[in-house]
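Residue-level listing of the chains:
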Amino acid sequence: MTTMVQLDGAARWFGAGHTRVVALHPTTLAVAAGELLAVMGPSGSGKTTLLSLVGGLDKPSEGRLVVDGKDVGSMNPKELALLRRRTVGYVFQDLNLLAGLTAAENVAIPLELDGRSVGDARHAALDSLASVGLGELANRFPDDLSGGEQQRVAIARALVGGRPILLADEPTGALDSMTGESVMRLLRRHCDEGGTAILVTHDAAHAAWAHRVVFLRDGRVVDEARSASAPDAAVPGATAADATVSEMAGAPA
Amino acid sequence: MSVRYGLLALLAEAPSHGYQLKSAFEHRTANQWLLNIGQVYTTIQRLEQKGLVESVSAPSPDDDRREYRITDAGRTELESWFASPVVLDEPTRDELTIKVLLATAAGSVDVSGLLQRQRRASIEQLQAYTQRKAAADPERDVAFLILLDALIFRTEAEIRWLDACDARLRALGMTGAPAGATEEGDR
C-alpha cells in the first residue's frame, strides 16, 4: 500500500504571539493510494486549511507534509506550482470554469500551463472528458451544460494528464441529490482505479462514499469512521441494518 | 399497519395462499421486512373479520390450504390507504432523542462525546448502506434502491440533527470545547 499523502505533526497557524490563530493543530494523517478520504467538521474546524496544504496552495507552519513522496514544506514556489500542475487536481463548489472556453479547452488548461503542445493537451482533455462520460459535449461552452455536467468537466480538468490526487472542496454543494451522487460515483471510481481523493463536505450521505471519514473540530482530528472492508453484493444479508428495518416496520424479532 | 395494507395490496392483484403472500411481500420490500407465517395468518384473520378479504376455498382446519381474495370493501379500504398521505400523529419515542435530552439535562454527561460517538456510528451505517447501493443494479434492484434511499436519507437526517444539537449546545458553551480552541473561519 503506497502512502500518497502523509502529515507528520503538520500544523498551520496565522499571526504570532497572543494574536496567533491556529487553523490546524499538529496533525498526523496518512492517505493511501486507492483511498477516498472524507473530511467533515463544522465551519472553522480546519477542513479547508488541510486541503490547501495538501494541494500546495499553502505550506505548514511546522511539522512535515509529504505528497506523492515529496516534502511540501521544503518546496520553493516553482516546485509548488509543479505539484499543482502534475500531482494534485482541485475541484471546488464554485466550478471556476472559464465561460469563454469550451469544455475541452477548460480541461486542457493545466496541461498547456505545464508546457504541453496545444494538440497534445487537447488530446488528453478529450480522453479525460470521455472518462467522466462527457466525450460528446467536449465542444460545448459551460453555459450550455447543466450544473452536474459542469462539475464533471471540473473533475475532468482536475484529473487531466493522469494527476493521481484529487482534492474536492464541497464538490456536490450546489447539486441536487441524484446529480451529487453521480459526482461521488466518479470520485469513488477514481480511487477504485488506484487514484487518491480527499473530499471536504458537510453532506454525510456523500461523505459515506468514502472509505474513511475523519472528523475535524477546532483544528484537530477528533475521530474517524471506517467503512467495513469489502463491498458486499446487493442481496442483503443479516446485518445491523436489518434490525433497524425490522424495528421501523414493527415486525416481531 | 403496513403489513395489513401490504397483504391487501397483494390480494388486490390476485387471490393467494398465505405462504405466497409472505414471499411476495418480502420480495416487494427487497427482503428487508421478513414476515413469519404466523403473523401473515393472524393478519389475514383480522382482515377477514373486518370483511376486507374472504376465503375462496371451503373452510379447512389447515391454514396452508386456504386461498384468499380481496372483497369490494377491501378494495375501497386499499384505495383510500393509497390516496392518503402518511402523517405521524405524535413524535416517535426514539431512544437517541431521549438519550440526548437526558444527557443535556444531566449536566454531568459528556454530551459532545456522546454526539460524536453517535455521529461516527451513523456515518459507518451510512457507509454500509452506500456500499450496497454502489453494488446494486439501478434497473434490476429498483425496490432495494428505493428502500436504501429511505434508510440513507433517514440516517442523514439523524446526522444533521446531531450536528444541529452540537452547534446549539456549543453556542451556549454546553459541550466542553477543548481549551485553546479558536473560532477562526475556514481558510
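Residues numbered from 1 in each chain as written. Chains lettered and ligands numbered in written order. Predicted model: local features only at pLDDT ≥ 70, side-chain atom pairs only at ≥ 80, totals over all residues.

1. Observations regarding the overall build of chain A
- Along chain A, the regular secondary structure elements total 8 helices and 10 strands.
- Among the 253 residues that make up chain A, the fraction classed as buried is 45%. (Helix = DSSP H or I, 4+ residues; strand = E, 2+ residues; numbered from the N terminus. Buried ≥ 20, exposed ≤ 12 C-beta atoms within 10 Å, placed from the backbone.)

2. As for the overall build of chain B
- Scanning chain B from N- to C-terminus turns up 7 helices and 3 strands.
- If you list the helices and strands of chain B from N to C, you get α-β-α-α-β-β-α-α-α-α.
- Of all 187 residues assigned to chain B, the portion counted as buried reaches 25%.
- A sequence separation of at least 24 residues applies to 53% of the contacts in chain B between residues at least 6 apart. (Contact = placed C-beta atoms within 7 Å.)

3. Quick notes on the sheet that holds strand S6 (residues 88-91) of chain A
- If you trace the 6 strands from one edge of the open sheet to the other, you get S6-S7-S8-S3-S9-S10 (chain A), paired in mixed fashion. Of all strands in the sheet, those with a lone pairing partner are S6 and strand S10 (220-226) of chain A, marking the two edges. This sheet shows a mean twist of 20 degrees between the axes of neighbouring strands, independent of strand direction.
- With 6 bridges connecting them, strand S9 (residues 212-217) of chain A and S10(A) associate as antiparallel partners. Of the residues in S10(A), the one forming a bridge with Val214(A) is Glu224(A).
- Docked against the sheet, helix H6 (residues 177-192) of chain A engages strand S3 (36-40), strand S7 (165-169) and strand S8 (196-200) of chain A, running at close to 150 degrees with respect to S8(A).
- Of the strands in this sheet, S9 and S10 of chain A touch helix H6 (residues 111-135) of chain B, which is tilted by about 35 degrees from S10(A). (Pairing = 2+ DSSP bridges. Axes fitted to C-alpha atoms, helices over the stretch in contact; angles between N-to-C directions.)

4. Some details on helix H7 (residues 142-171) of chain B
Residue and element names in this part refer to chain B.
- The first and last C-alpha atoms of H7 sit 43 Å apart over 30 residues, in line with the 44 Å expected at 1.5 Å per residue.
- Restricting attention to buried positions, one finds in H7 the residues Phe-144, Leu-148, Leu-151, Ile-152, Thr-155, Glu-156, Glu-158, Ile-159 and Cys-165.
- Gly-173 sits one or two positions beyond H7 and adopts a positive phi of about 70 degrees. (Expected span 1.5 Å × (residues − 1).)

5. Brief notes about the packing of helix H1 (residues 2-13) of chain B against helix H4 (residues 72-83) of chain B
Residues and elements named next belong to chain B.
- For the pair H1 and H4, interaxial distance at closest approach is 10 Å and the crossing angle is 120 degrees. It follows that H1 is oblique to H4 by the angle criterion. Read as a crossing pair, H1 and H4 show a hand that is left-handed. Residue-level inspection shows Tyr-5, Leu-8, Ala-9 and Ala-12 of H1 in contact with H4, the latter providing Gly-74, Arg-75, Glu-77, Leu-78 and Trp-81.
- For the contact of H1 with H4, the residue count by class is 6 nonpolar, 1 polar and 2 charged. (Parallel < 35°, antiparallel > 145°, perpendicular 65-115°, else oblique. Left-handed = near helix turned anticlockwise from the far one by under 90°. Nonpolar A, V, L, I, M, F, W, Y, C, P; charged D, E, K, R; others polar.)

6. Some details on the nonpolar core
- Counting residues in each nonpolar core, the largest one holds 81 residues, and the members touching the most others are Val39(A), Leu129(A), Leu187(A) and Leu199(A).
- Counting residues per element, this core draws most heavily on helix H5 (residues 147-159) of chain A, which supplies 6 residues.
- Leaving out residues up to four positions away in the same chain, Leu199(A) has contacts with Leu36(A), Ala38(A), Val39(A), Ala168(A), Leu187(A) and Ala210(A).
- The next biggest cluster of nonpolar side chains, apart from the first, holds 13 residues, and it includes Leu21(B), Leu35(B), Ile44(B) and Leu47(B). (Core = buried A, V, L, I, M, F, W, Y, C linked by C-beta atoms within 7 Å.)

7. Thoughts on the environment of Ala225(A)
- Its location among the elements puts Ala225(A) in strand S10.
- Once the C-alpha coordinates of Ala225(A) and His211(A) are considered, the two residues, 14 residues apart in sequence, prove to be 8.5 Å apart.
- Not counting the four nearest positions on each side in its chain, Ala225(A) is found in contact with Val213(A), Arg120(B), Ile123(B), Glu124(B) and Gln127(B).

8. A closer look at helix H2 (residues 18-28) of chain B
Residue and element names in this part refer to chain B.
- Taken residue by residue, H2 has Gly-18, Leu-21 and Lys-22 as its buried positions. Each buried residue of H2 lies within a common arc of 100 degrees when the element is viewed along its axis, so the set occupies one face.
- Downstream of H2 by a residue or two, Ala-30 has a phi angle that is positive, lying close to 60 degrees. (Arc of directions from axis to C-beta.)

9. Considerations on the sheet that holds strand S4 (residues 62-67) of chain A
Residue and element names in this part refer to chain A.
- Pairing is antiparallel across the open sheet formed by 4 strands, whose spatial order is S2-S1-S4-S5. The open sheet terminates on both sides in strands that have one partner only, identified here as strand S2 (21-32) and strand S5 (70-71).
- Across 8 bridges, the pairing between strand S1 (residues 3-14) and S2 is antiparallel. Bridged to Val-5 within S2 is Val-31.
- Along the sheet, helix H1 (residues 47-54) contacts S1, S2 and S4; its crossing angle with S1, the most-contacted strand, is approximately 120 degrees.

10. Section: unusual backbone geometry
Residues and elements named next belong to chain A.
- In this structure, Glu-170 takes a positive phi of about 50 degrees despite not being glycine.
- Here Glu-170 lies in the loop between S7 and H6.
- Here Glu-170 falls in the partly exposed class, since 18 other C-beta atoms lie within 10 Å of it.
- Not every positive phi belongs to a glycine, and Asp-218 is a case in point at roughly 50 degrees.
- Following the sequence through the fold, Asp-218 ends up in the loop between S9 and S10.
- On the basis of neighbour count, Asp-218 is assigned to the buried category, with 22 C-beta atoms found within 10 Å.

11. Structural notes on the packing of helix H5 (residues 95-106) of chain B against H6(B)
All names here are of chain B.
- At a closest axis distance of 10 Å, the pairing of H5 and H6 adopts a crossing angle of 160 degrees. Judged by the angle between their axes, H5 and H6 are roughly antiparallel. Read as a crossing pair, H5 and H6 show a hand that is left-handed. Residues Leu-96, Val-100, Ala-103 and Thr-104 of H5 pack against Val-111, Leu-114 and Gln-118 of H6.

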